[in-house]
Amino acid sequence: MFTGIIEELGTVVAIDELGDSARLAIRGATVTSDAAHGDSISVNGVCLTVVDNADGVFTADVMGESLRRSTLGALRPGSAVNLERAATVATRLGGHIVQGHVDGVGQILSREAGDQWETVTFALPEGLGRYVVEKGSITVDGISLTVMAVTDDTFSVGLIPTTLKLTTLGAKGVGERVNLEVDIMAKYVEKLLGKAAQS
């Protein structure tokens with residue numbers, strides 16, 4: 001489990017393509033400081049398992065399913081990535097409960113700069129709009145954000161200077177793709193209500 005509060009911007013060092021999977025090597029001084037084999041690290045919102053950790057670089061295997069359902073397959077050496085270590089029982093829940101399980105890939109539709117912050121609007125993949133509500137939480141590339149506005153197939157968020165400076169969203173342009181994870185509670189509520197309606 002994660003909180004969606006990015007700890008650092010990492011850099012992809014190498015990608016070893018292994019048929020229908022890949023092994024990523026990612027540099028990140030903070031997340032590797034106490035990482036051990038088997039630990040979980042969120043990479044652009046995708047929960048990956050540490051295989052090895054040495055000299056500030058960790059490696060993780062990515063199966064074909066994750067490559068197809070996220071933007072990880074588009075990463076190249078030198079790509080910047082948002083990194084967060086898994087939460088502990090002592091962690092402050094500064095964002096919201098994030099699983100690191102991508103629900104779909106969205107696209108940046110527009111960016112509007114304000115004096116101190118920026119409004120970014122994203123396209124929602126089909127079927128995800130029902131889980132997104134105004135003032136609710138959504139995860140974009142691993143970042144916990146509050147929804148400012150939502151339609152059936154779009155949503156908008158406000159990015160403060162800290163988010164613009166310390167995450168990949170500060171540099172992504174219109175048309176670029178992002179990993180989306182909706183609030184898990186919405187999916188559980190839908191399932192429970194569906195079962196109640198059938199009883």
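What you see is a predicted model, and the numbers here were worked out from it, not measured in a lab.

Draft legend 1. Examining the pattern of salt bridges more closely. For the coordinates displayed, the defined rule picks out nine salt bridges. For the salt bridge of K172 with D141, the shortest nitrogen-to-oxygen distance reads 2.7 Å. Remark: D141 occurs in the loop between β9 (137-140) and β10 (143-150) and K172 occurs in the loop between α3 (161-166) and β12 (177-182); sequence separation between them is 31 residues. In terms of burial, K172 and D141 fall into one category: buried.

Draft legend 2. Here's a closer look at the sheet that holds strand β8 (residues 118-123). Ordered by their spatial adjacency, six strands build a closed barrel running β7-β8-β11-β10-β9-β12, and the pairing between neighbours is antiparallel. Taken pair by pair, the neighbouring strands of this sheet meet at an average axis angle of 45°, ignoring direction. Relative to β10, β9 runs antiparallel, the two being bridged by four bridges. Opposite T139, over in β10, you have S144 as the bridge partner.

Draft legend 3. Spotlight on unusual backbone geometry. A positive phi is found at D55, a non-glycine position, where the angle reads about 55°. When you line up the elements, D55 lands in the loop between β4 (46-54) and β5 (57-62). Here D55 falls in the exposed class, since its relative accessible area comes to 74%. Phi is positive for D141, which is not a glycine, with a value near 50°.

Cut-offs and rules
Residues numbered from 1 in each chain as written. Predicted model: local features only at pLDDT ≥ 70, side-chain atom pairs only at ≥ 80, totals over all residues. Heavy atoms only, no water. Salt bridge = Lys/Arg side-chain N within 4 Å of Asp/Glu carboxyl O. Helix = DSSP H or I, 4+ residues; strand = E, 2+ residues; numbered from the N terminus. Buried < 20%, exposed > 50% of the residue type's maximum accessible area, 1.4 Å probe, protein only. Pairing = 2+ DSSP bridges. Axes fitted to C-alpha atoms, helices over the stretch in contact; angles between N-to-C directions.

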